[in-house]
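Each chain is listed here by its residues.
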Amino acid sequence: MAVFEDSAFADHERVIFCRDAQTGLKAIIAIHSTALGPAAGGTRLWAYESDDAALHDVLRLSHAMSYKNAMAGLKFGGGKAVIIKTPDFDGTDALYEKYAGFIDQLNGAYVTAEDVGMSVEIMQTIARKTKYVSGLPAKAGHAGGDPSPKTSYGIFRGIEAAVAFQLGRDSVDGLTIAIQGVGNVGYHLCRFLAEAGAKLVVADIDEARVKRACDEFGATAVAVDEIVMQKADVLAPCALGATINAQSIPALQTTIVAGGANNQLETPEDGQRLSAAGILYAPDYVINGGGIINVASEFYGDADDDEVMRRIAEIGPRLTGIFETARQSGKPTNVVADEMARKIIESGGQN
Ligand code: NAD
């Protein structure tokens, strides 16, 4: 496996391969940058096609975490981890404790929390063996708990900013929003949007999750391979990455892409493709920063829930600033965000 040659390597500081034969643990921890603080980002549990695919995913995700944490103004560098779901994976406490041991050996260089396939309960198991974990049950007066409702709240505020900028609308009331993936983030996003009067169209490979969104929020279900081409005011990708690409962009029937999934663009050039098609793209790592803002507040113990919500609501104006800079400069929004994030990292957070 040519780690340094992987296109996603992007100057990572450290990549740790974790293996424990007894529990079957196979995990990779990627530390992209510790320039602004401990490398922080969730752990993803996923059945990858190959170890190379897992490595590529974790490298891309941890790089994006550096940018996400910088743009959210956090004292965190960027990192991410994947646990590879092998065919005989059984997710025992012993496996997660072993994994926690690997995190602990890094002495705080990496801080984990929930991502796809994780839960508060698993974080509690991890916390038995390391203190470098967040997303634990909230203590009274402090931030904490499952970060995904906070992520969804930030996305909701980001969608409001996008419809104000692109459509001149001051609310999502009456607008149609297509949501790809109604897991933790997509589900809570449905709730915020439905409460604000939006009409929802949803798809998920998990039928029970689709049913839940339809039953609770009156959403309309469509097939998994049709969601991105739905006629909608906003497309919100909330499943896995790379669904916005050279093939899907010509089929989009929306003028706004704003959702929670990490790495929505398959390549950076897809940002240019969206821009050329007149589609406003809310850079993923800016709009989905609510969860890590919550994690940071929990880890540093510097905010209660109200203050966390206030910090997350700043995602709206932050996106508006990116949209305006993109319009003035003629650059795609993803390029504008990348430039801003790199500047913050290079200045050690002073920018
Ligand atoms: P999740 O596993 O709870 O939900 C993902 C959902 O997507 C699942 O219901 C899954 O069945 C569905 N899905 C997978 N492939 C699909 C496909 N091809 N079409 C339609 N649905 C599909 O995970 P989550 O925590 O909700 O995370 C969703 C996305 O948001 C991920 O990209 C994650 O990295 C990102 N994200 C999550 C958080 C968080 O706080 N959980 C924070 C930032 C970013």
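Everything here concerns the structure above.
Residues numbered from 1 in each chain as written. Predicted model: local features only at pLDDT ≥ 70, side-chain atom pairs only at ≥ 80, totals over all residues. Heavy atoms only, no water.

(A) Highlighting the overall build of the chain. When you go through the chain residue by residue, the secondary structure sums to 12 helices and 12 strands. Relative to its length of 351 residues, the chain is compact, with a C-alpha radius of gyration of 19 Å against a globular reference of 20 Å. Along the first, second and third principal axes, the C-alpha atoms of the chain reach 55 × 45 × 45 Å. Side chains of the chain carry 31 positive and 45 negative charges; the gap between the two charge centres is 3 Å. (Helix = DSSP H or I, 4+ residues; strand = E, 2+ residues; numbered from the N terminus. Rg over C-alpha atoms; globule rule 2.2 N^0.38 Å. Lys, Arg positive; Asp, Glu negative; His and termini not counted. Charge placed at Lys NZ, Arg CZ, Asp CG, Glu CD.)

(B) Just the pattern of salt bridges, in detail. Going through the model one piece at a time under the given rule, you end up with 17 salt bridges. In this structure, Asp57 and Arg44 form a salt bridge, with 3.3 Å as the shortest nitrogen-oxygen distance. Residue Asp57 is found in helix H1 (residues 51-71), and its partner Arg44 is found in strand E4 (residues 43-46); the two are separated by 13 residues along the sequence. Here the two residues Asp57 and Arg44 agree in accessibility, since each one is buried. Here Lys331 and Glu339 are joined by a salt bridge, their closest N and O atoms 3.1 Å apart. Accessibility expressed as a relative area gives 33% for Glu339, which makes it partly exposed. (Salt bridge = Lys/Arg side-chain N within 4 Å of Asp/Glu carboxyl O. Buried < 20%, exposed > 50% of the residue type's maximum accessible area, 1.4 Å probe, protein only.)

(C) Summary view of the pairing of strand E7 (residues 176-180). For E7, a buried count of 5 out of 5 residues is recorded, marking the element as mostly surrounded by other parts of the structure. As paired elements, E7 and strand E8 (residues 199-203) share 5 bridges and run parallel to each other. Looking at the pairing, Ala178 lines up with Val201 of E8. Regarding the hand of the β-α-β motif, the stretch spanning E7, helix H5 (residues 184-195) and E8 is right-handed. Inspection of the sheet shows E7 paired to strand E10 (residues 234-237) by 4 bridges, in the parallel sense. (Pairing = 2+ DSSP bridges. Right-handed = clockwise from strand over helix to strand, strands pointing away.)

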